Structure formats: C-alpha cells, structure tokens
Amino acid sequence: MSVNQQAHTGPPYGQPQPGYQGYQQPAYGGQPLPGVPQSQYGAYNGPMPGYQQPVPPQGYFPSLGFPLKGSPVSLNSDTSSLAPNFIGSLRAPPTSGAPPPASGASLPSGHLAYSQFGHGDVQNGIPASAAPMQRPPASQPFLPGSAPTPVSQTATFQQYGPPPASVQQLSNHMAGMTIGSTTASAPPPAGLGYGPTTSVPPVSGSFSATGSGLYTPYTASQGPSPTSVSQGLPLAQPLFPGQPMSTQRLPTQVPGFAPPPSSAGIGPSSYPPSTGAPRPPTMPGPPLPGQTVAGPPTSQPNHVSSPPPPSTMSGPHPGPPMSGLHGPPPPTHPPQPGYQMQQNGSFGQVRGPQPNYGGAYPGTPNYGSQPGPPPPPKRLDPDSIPSPIQVIEDDRSNRGSEPFVTGVRGQVPPLVTTNFLVKDQGNASPRYIRCTSYNIPCTSDMAKQSQVPLAAVIKPLATLPPEETLPYLVDHGESGPVRCNRCKAYMCPFMQFIEGGRRFQCCFCSCVTEVPPHYFQHLDHTGKRVDFYDRPELSLGSYEFLATVDYCKNNKFPSPPAFIFMIDVSYNAVKSGLVRLICEELKSLLDYLPREGNMEESAIRVGFVTYNKVLHFYNVKSSLAQPQMMVVSDVADMFVPLLDGFLVNVNESRTVIASLLDQIPEMFADTRETETVFAPVIQAGLEALKAAECAGKLFIFHTSLPIAEAPGKLKNRDDKKLINTDKEKTLFQPQTSFYNNLAKDCVAQGCCVDLFLFPNQYLDVATLGVVTYQTGGSIYKYAYFQLETDQDRFLNDLRRDVQKEVGFDAVMRVRTSTGIRATDFFGAFYMSNTTDVEMAGLDCDKTITVEFKHDDKLSEDSGALLQCALLYTSCAGQRRLRIHNLSLNCCTQLADLYRNCETDTLINYLAKYAYRGVLSSPVKTVRDALINQCAQILACYRKNCASPSSAGQLILPECMKLLPVYLNCVLKSDVLQPGPEVTTDDRAYIRQLVTSMDVAETNVFFYPRLLPLTKADVDSDSLPAAIRNSEERLSKGDIYLLENGLNIFVWVGVNVQQGLIQTLFGVSSFSQISSALSTLPVLENPFSKKVRSIVDMLQVQRSRYMKLIIVKQEDKLEMLFKHFLVEDKSLSGGASYVDFLCHMHKEIRQLLS
Ligand SMILES: [Zn+2]
C-alpha cells in the first residue's frame, strides 16, 4: 500500500488545496506550497504535527504511536464477522473471464434475471441480521414469497463488460429492469423529449445564473486570515508617540457625534471619553475620537466614477485609514466643527448618497441622487468612524509577533484575523474555544444589565498549524480517565490535589474524590504533583484520553467507520457530466481516505450506490471479477440487498471498484429518468451502516427536488411572496417532519450525511438539509452546475471533504464551574436531552456555539471554568475523549467586562442566534431584537463605564467599536434581508452554513476582505493591504479582489490600463475581458503570477473552494459585487454603515433618556 506515500502528483491533485496538505501523510507535511508563505498559512497546509512530534515527555505519547486497541485492522474479517449468515448470499459471477459484450448481449430480460436471482440466491441470502429481517418482504427480492421481485438482478447480469462495448445493452438492460419492477419508471421513448429544455442551465454569466451560484461554496476555515498587510500602519506610532494602542481597549468616541469641537485637526490621542470635548484625531485609524467631521462632501456620491480622495486609493498605503492618520484628508474634506446631529432625531448625513434607496430607518433622510455639492449641513465622514480594517491592522501589528501563551486566566486572544502561534500552558487554544468575553460578570443581575451574551464558540477538532502540537493522547489503561465522583468532570489542570496527593477537589463542583492508587503521586512543596509536567491532563488546556469500553455503544469497541458514495444518476446528473466526473474522481480520491497517525492505509471501508427513482447497490467484493448490481425499486421500505461485498477495503477491491466506476457513467448514459427519490437514499445508507454495525458518512450527490413517489417525497412550495410576512419563517422550516425523524435515527447509528447539491431549480434546501444539519454533516451547493466552470470548485470541495479529519458517533458535553451553566447550543447537531450535543459526525471545520447563564454568584477569586469533553470514534475506529479546558475571569465592575469582550465572537453568536430565530419569528422581529440588544449593550457601557459627556457623543467601548458595523452586516445579510436575486434555497443554505461557522469564518463572511490587486507587491509574499468595503474606496483605474469565504470576485475598473489588462487577462482591452471566466488565465508575467498566487493562497485558507467571478465595472454582474460592499446601502434596503451608526446612536440615546 504505497499509494499513500506517494506525493499526489496526478493532475487532480496538483494544485494547492487545503485538504491535501492538511490531511496527508507526514511526507507532505511541511512542504510549503509554492507561493504560499508557510508561516502565515500554516494552519491550512500543515501536516498533523502532533503525530510526528518528537518523543514526548514520558508518561504519555502522541497519538501517532498509539497502538490500535480494539480496532481491527483487517477490515475483511470484520465485515464477514458481522454478517455470518450471509455466506453465499451473493454468488460470485459465474463468468470470471469478463465476457462483457457477450453477457450484455445475452441479457434476456429483467424478469429472467429476477427469477434467477430468486432461486439461486434468495434463500440463503436473506438477511440474517436483525435489521434487514424486520422489513416486510413486499419488495424483498430475496424472499421467495414476496411476489413483485422487482428488486435485484443477479450475477450473470451484473457482469458489465468494458464499458463502451456493452453500453447499449446495459442501458437496455437497465431499462428493462426498471420497467419490470415499477412501470412508472419506464424510460420514455427517446422521442419524448423531456429533459433538455427544462434542465438547460441558463447562459453562464447571465444574472440569474450567477445569482444563484452566489453562495455555492462555503468556506472557511479556521484560519485566521493572515496577511502581512501591516505595512504602512506603523506610521502612526512615530507620529503620535504615546498614544494608546488599540489593545488598551479604551473607549472609542465617534467624532461625528461629538459636540462641536473646539478644534479640529491632529492632536494627541487622548482617548478617554472623559474629556468629553472633541479631540483631534490621533491614531491612524478612524475610530479615534476627536477626528474631524468632514464637511459637506465635495466628492461624488457613492459612485465609482467619482474619484475618491487620492490618499485612500493610491500610493503605497491604499487603506482608508491612512487618511485618518494624517488628519483630515486633503481639501476634499475640510475639517468642520462637529455637529450635534441628534438634536432633532435625524441622523447624520451620509457622505455617499445612494440614489434611489429609501432610508433604511425611519427618520433617515432620503438622499437625493444629485451628485452635486451636498446640500445638507452635516454629515459623518466615513473615515472618522471605526474602521474594521484599522482594527484588524492594529491587532496584527500589536499581537501578531508574540506567541499567545495560554497560562494566564481570562486573557483575550488576538483577533482571528491576526496570524499568531499558540502555546498551551493550561488553557485551550483560541483555535478550539473563543468567548464573547473573557471576564464575566459575577452576578446574573450584572449580566442582564449589560446584555452581553456569555457564549463560547467551540471547535473541538480544529486543525492546528504545523508549528503547534496536537493534543496528546493519554492512556490510563483499563481504568480509564480519572474523573470527579460527583460531576464526572475529567482530570484537568484546575483540579486541586489535597491530603498529600491522596485526594483531589473538583474545580467544577468542589466534591472531593479519592485519587485511584495507580494515579497517586506525591506533591511538591507548592502542593503541585511532582509529575505535573509529565502529564498533559495536569499541565495542558487540551488533550485526549483513550476511552475504555465503558465509553462505547453497547459496551463494545467500535468498528472502523465506512464511507458510502451515493450518486444521483437521473437525467440531469448524467447529462451535465457530473456522474462521469464523480466516478473519475473517486478512482483516485479513494486512495486518500483519512488515516490514523502512522497507519499504512485507511481503515475506512467504502460502498457505492446509484439512484434515481430506484436504488442500485453494488457488490464490489474483492473476489469478484466484475461488480454486481442489485436494484431495489420498492423504495417505500428501504433495505440493503447485500451485506457481504457492499462495504469493502479499497485496496483489496481496487480492481472491482475501478471497474464499477468505469461502468457507471456508461450504464446510465442514455437514461431518461428525471425523477429522484431522496429519503430512501439516506435510509439505504443508514441500513447499510446498521447492518455493518459501524458509524460512517454518506456522500450524497443530488440534483433535484425529490418528487418521485417515496417516503420523504417533497413538493415545490417555494413562494417568495412570503418574504416580509409572518409566514416567511415557513420558508426556513422543513416541509415535513419526516426528515427530522430520519435524522434522529441517523444520529443513533453514527450515520453522518454530507450533501452535494447540483440544482437547476428550487430543491428545498431547508428540507433536504435537515438530516445533514442534525447529523453534523456538510452541505455544498452548485447551482446550475456546468462542467467547465464548476468542476474545479466541486472537486476541490469533494477532495477536502473526503480527506478531512472527522470523528464519528460524537457526544459533546460542556461542564462549568459552580455559578454558570451551559443553557443553549447552536450548530449542526442533535440533542435528545438538555446537556449532550450529539453528532453522528464532527469534522475539523465544525463549531458549536454554547451560551451560558448564571445560576449562582461567581467569585472574582476563583473565576469561572469551562470543560468541553468530546467523546468520539476516530477514523480508525478508536474511541477517544478530547478535552478542552478554559478558565475565565469574573468581575464585579462592568468596565472589566467591557474591556475583555471579543466582538468577532459576539457577532458569531448573534448571527447564529438570529438565524435560528427566523425559524420561529418574523424576520423583522429578529432584526429588531438584534438591534435592541446591541443598543442595550452599548447603552449600558455608556451609562456605567464611560465618563460623563454630552449625550450628543457616541461612545463605544474600545473592544466593541466594530459592533455596529458588523451588526449591520448581519442585519443586511441574505437570511435577514434578502435582495431580489437571492433564492429561497440560497437563504436556507446560508442559514445552515453560518450555524456551523467558526469566528474567522463569520468574520470574513459578514465583512468580506477587499484587496487592491494593483497595489500588490509582486516581489513579496504578502497580500496588499485590505481596504474598507465601500464603493467609494474603489478606483476605476484599479483591480480589486473581494472574498467572503464563499466567493472571490475580481473587480476590474473601466479605466484600468490596457497593459495591466493584457498582463492579467491576456486580452488587449477592457471590453474583451470575459465575465464567464472561472479562473484567471495562466500567463507568464509577474503580475499574473502574483494575482494567481493570491487567489491560491486564499483558496487554501478557506475550508471551501471559493467560486471566482470576474466583474467588470458597469457590467450587469457588478450589482452582485456591490452586494458585498457592506459599508454601503444595499439594494435590498440595508442601511449604510454611517446611517446605521446614527441609528444605533439614536437607539442608545433613547435607552439612556
Ligand atoms: Zn466535580
């Protein structure tokens, strides 16, 4: 099995992609991708470092070397042992010589096939195992008495010959088979001519197509989005030495709201609001107080054609913050005395009037479209309000160079956008857990007063960069992990050993537990165990325990999991080339299944099913010369017609599998079947796993609304007229509870469902996604899939999805110290009680957000503790417990709370909270509640923490100064305020994606990254400095890249020099650039190389492959692009940042008065 050792040099694996680097063998580890600075993107291309760690301290060992206990390596024996009664159920094909054409040609008819099967195999083939037995024989092909027989065909049939030769016959044969079983499925005569018309994808590039494709891939990944963009920023320091750094978390006073400043201009950055008086700008960033309010806009309305102030668009420091740095930007923005905008309740003037959109909030002035000199008196200078770019840059430059050491309680980690290393010294890395606040109020009254939600975003199996150590695996032998007798918390660094080490006091519940004899150790003079540093569970925040049989289902060690590939072979799937593509890809991809540590080959078994209105199972047993097909056409009561030979080891059955994958596209090449079933497909996978007594994952490739008669059949109930009505919530709810019940069964079995959707129209993601969602699976959507433009994206997603680290049959529980407890959970999982989060599968990209509430007082001395314990089965079938511990501070002063919050995490929580809210409440109610909560958070700060100052000032806590801008992005996201081009499926899809996102993903999803490509330094590995998401920041002479984790847009201004166009697109003029491109042409020049390396770099960073869309300025696609310029007003009525800030200020004032 040398396959896994080879570098993946084949074409499909040639490009940099996250999955391969991250999940491959050590051999790949550490090999930097060309063009990708390893240090920056380590998180995404690193090998599993922990598995190759140098010899660890005695007492424990890294996962790598761990011998597999109880996990049979030999899969074959495993399989057969599970199905002892199946001996002989499936006859090996009589003709081992592969008589393809002959056998195909000789196929008599479906009926004959059945009878053969019935007599020959049925009797002894009948499922002996409990599960299959239960099913009524109605459709059972194997049961002699069950009349219809439709089901399966026998060996003789199954001998597919070399594809080309036997195609025709096979197709006919298939048809016959189907007809025999259910007449309805009979393929219509060729002349019937359905299909093509309805399924023709819209012309690419047309709006509808792109619109729906918008959200196809999702992405993201844990990774901080690293960029070494800090150039330029440092300027600020020299200019104003001594000014507070943003990390000091001083409050931000937004200038526009200040009373008339006595002076305008640059000054020392005395930040504290206490001064009340307007202050001159200080920091490079806009957020600084005292920054001047620009006067009437001299620049054009928010339109690209109006050249933005030079300082923001050109020069080495493209970012807008720069203008702030140097004080009021040029003449265009003459400093003006502040104005008190609130007096009459109206909002500040926006600099960029956006024609045609009504104000988003009552009272918001409608800006005329006249570009001329701005009429009204006052307006807010966008450069003077808190800038996400500036905050990100500041954090990078302040916190990106030093490792984050987790030894200290309650430390706020660097932002997710900062690239930093973590050293575990007793608390879990922020890659595993991030909190809304690291200092939580001692009492529930205080917590309620602040309205700051207390939540943790937990990513238990997060991928780490290669420089960091994977959690060590601790083996306590048969006695298992040491736990508190009462609350069952696991041994951790916060347990207190007493009585000379004979007992320990639980840090969660205070109960005293005897130390088991084998675990006893003496204490040193400080009361610390002398083996403290030898034991991960005493000295580290994160580690794993090997679970004993007590932690296994039915007290039995699990079998290795299985992957089942289930391919829709209906007309659209075949015609688009999808079926052939999947089969081709699987041939090589199966060599890259996840492996444990140093295992030579993956323990995962694989199985294959194809389906349309009926299901086709395949026997790919290694002893067969050719695969065998079994058709199950009675989908009403799904069962699996074979056990032995369905789930196999890839290496053992290599030739049979290859043959099957060659034949599938040919077999269905002429299909006319357009209808599909869906629930029976999941049921079939579930039954197969049940029969094999293992957990596993179904990879379902599906194209259409399942309207064929079958359980879980759906109808098209899409209705956009429901938007903005009380019934809008129904669009997000599943149309039947059938799938909820199915999901529950899947979770019980550890059957995780990953769904790849290829819709050409509505297919009800809200319903189809239920099982995926509740089993911890992933969903991918490729609307109007076209081979040429979408195959790279799909294949990259598939590769990563198949290879990524995943645990099965997982249960997560979060324990807390006395005083708080976990009360609410958000994510892709199922809960059958109030404490245990169950996931059939949990991969390295999934997060669970947990909310905490007080149930008692906390103390500043002891702080608060969280312990997240995840019990799961590894990809080799090993049962493990992964433990993450985190200690937080507690406070009696609100100011301490507000100094230790993390806005990115807050937004992650609020988005998930809101996205769940739309299931039960009108969207407007949800939006209003969000606004209200944030206004209360900020009002509480103003009232209790800020120094007295004029009510006309908006004062924001330093670490929450981006709350308004980010909140506005959530409010105008497609789920909460859809634009006209957003489909119901898109909304359901996004809703589902966001629910599992980590903080880095929500950050870039809600506030996309916008990079001026024309400012990129072709000689360096760094990215150009990001700029703010507003049209007025764009120059028509430049090219920009915008990414949000799902899409990458490359925007080309109308005035871009022809030379640049030539170097990047290989055409001579702007008009010749094709919007249909889905990749950038490969041209041999530094700029082209640089841009492509940036794109590759971003792709590697995200957990999904982003769709690349070329947008030409003033082209129709630009509307799509503008949707992501989130500081501007949106087409759907979403407020601009400036307007929204004014609105928030008004809300806050109302709360304070
Ligand atoms: Zn306890």
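Owing to the predicted nature of the structure, the values given are computational and were not obtained by experimental measurement.

Colleague: Summarise the packing of helix α26 (residues 923–944) against helix α27 (residues 963–971); cite the residues concerned and give the values.
Modeller: For any two helices packed against each other, the geometry comes down to the angle between their axes and how far apart the axes lie. The interhelical angle for the contact between α26 and α27, taken along N-to-C directions, is 175°, at an axis separation of 11 Å. Relative to α27, the element α26 is oriented roughly antiparallel. Contact with α26, carried on its side by Arg927, Leu930, Ile931, Cys934, Ile937 and Leu938, involves Leu963, Pro964, Leu967, Val970 and Leu971 of α27 and no other residues of that element. Here the contact of α26 with α27 is built from residues that sort into 10 nonpolar, no polar and one charged.

Colleague: Which residues make up the nonpolar core, and what values do they have?
Modeller: In terms of nonpolar packing, the biggest core is built from 144 residues, with Phe617, Ile700 and Leu976 touching the most fellow members. No other element matches α26, which puts 11 residues into this core. Core analysis: the second largest hydrophobic core is formed by 49 residues, Val574, Leu589, Tyr618 and Ile664 among them.

Colleague: Run through the packing of helix α22 (residues 765–774) against helix α28 (residues 984–995), naming residues and quoting values.
Modeller: With their axes 9 Å apart at the nearest point, α22 and α28 run at an angle of 20° to one another. In terms of orientation, α22 and α28 fall into the roughly parallel class. For the pair α22 and α28, the crossing hand works out as right-handed. The segment α22 lies against α28, with Val765, Ala766, Gly769, Thr772 and Tyr773 engaging Asp985, Ala988, Tyr989, Gln992 and Thr995.

Colleague: Before we move on, can you summarise the sheet that holds strand β31 (residues 1107–1112) with the specific residues and values?
Modeller: Ordered in space as β28-β29-β30-β31, the four strands form an open sheet in which the pairing is mixed. Edge positions in the sheet fall to β28 (1009–1012) and β31, since each has one partner strand and no second. Between one strand and the next, the sheet's axes are offset by a mean angle of 20°, whatever the strand orientation. The strands touched by helix α31 (residues 1086–1101) are β28, β29 (1039–1043), β30 (1047–1052) and β31; relative to β29, the strand with the most contacts, the crossing angle is about 10°.

Colleague: I'd like a description of the coordination of the zinc ion, backed by residues and values.
Modeller: Within the first shell, the zinc ion binds the protein through Cys484 (SG), Cys487 (SG), Cys506 (SG) and Cys509 (SG), at distances of 2.2 to 2.3 Å. If you look at the zinc ion, its four donor atoms make angles of 100 to 115° with each other, and the shape they trace is tetrahedral. Going along the chain, you hit the donors of the zinc ion in the pattern C-x2-C-x18-C-x2-C. Residue Cys487 is found in the loop between β9 (473–474) and β10 (496–498), and its partner Cys509 is found in the loop between β11 (503–505) and β12 (512–514); the two are separated by 22 residues along the sequence. What makes Cys509 buried here is its relative accessible area of 15%.

Colleague: A description of the confidence of the model for the protein chain should follow, citing residues and the corresponding values.
Modeller: Low pLDDT marks regions whose predicted coordinates should not be analysed in detail. Confidence in the prediction of the protein chain, expressed as mean pLDDT, is 75, and 67% of residues score 70 or more. Every residue in residues 1–249 scores below 50 in pLDDT, and together they form 573 contacts with partners more than four places removed in sequence or on other chains. Long-range and interchain partners of residues 258–360, a stretch whose pLDDT sits below 50, account for 314 contacts in this model, where long-range means more than four residues apart.

Colleague: Give a description of the sheet that holds β12 that names residues and reports values.
Modeller: An order of β10-β11-β12 is seen for the three strands of this open sheet, with the pairing classed as antiparallel. A strand with exactly one partner marks an edge of an open sheet, and here the two such strands are β10 and β12. Taken pair by pair, the neighbouring strands of this sheet meet at an average axis angle of 30°, ignoring direction. Two strands pair when backbone bridges link them, and β11 and β12 are joined in this way by three bridges, in the antiparallel orientation. Within β12, the residue paired with Gln505 across the bridge is Val512.

Colleague: Account for the pairing of strand β26 (residues 879–891), naming residues and giving values.
Modeller: With respect to burial, β26 is a largely interior element, 13 of its 13 residues being buried. Burial along β26 is two-sided: the residues Arg879, Leu881, Ile883, Asn885, Ser887, Asn889 and Cys891 and Arg880, Arg882, His884, Leu886, Leu888 and Cys890 are all buried. Sheet topology note: the strand β7 (residues 439–441)/β26 ladder contains three bridges and is parallel. Following the sheet pairing, Ile440 is matched in β26 by Cys890.

The rules behind each value
Residues numbered from 1 in each chain as written. Predicted model: local features only at pLDDT ≥ 70, side-chain atom pairs only at ≥ 80, totals over all residues. Heavy atoms only, no water. Axes fitted to C-alpha atoms, helices over the stretch in contact; angles between N-to-C directions. Helix = DSSP H or I, 4+ residues; strand = E, 2+ residues; numbered from the N terminus. Parallel < 35°, antiparallel > 145°, perpendicular 65-115°, else oblique. Contact = heavy atoms within 4.5 Å. Nonpolar A, V, L, I, M, F, W, Y, C, P; charged D, E, K, R; others polar. Core = buried A, V, L, I, M, F, W, Y, C linked by side-chain atoms within 4.5 Å. Buried < 20%, exposed > 50% of the residue type's maximum accessible area, 1.4 Å probe, protein only. Left-handed = near helix turned anticlockwise from the far one by under 90°. Pairing = 2+ DSSP bridges. Donors = N, O, S within 2.8 Å, 3.2 Å for Na, K, Ca; no water. Tetrahedral: all angles 85-135°; square planar, octahedral: opposite > 155°, others 65-115°. pLDDT = per-residue confidence, 0-100.

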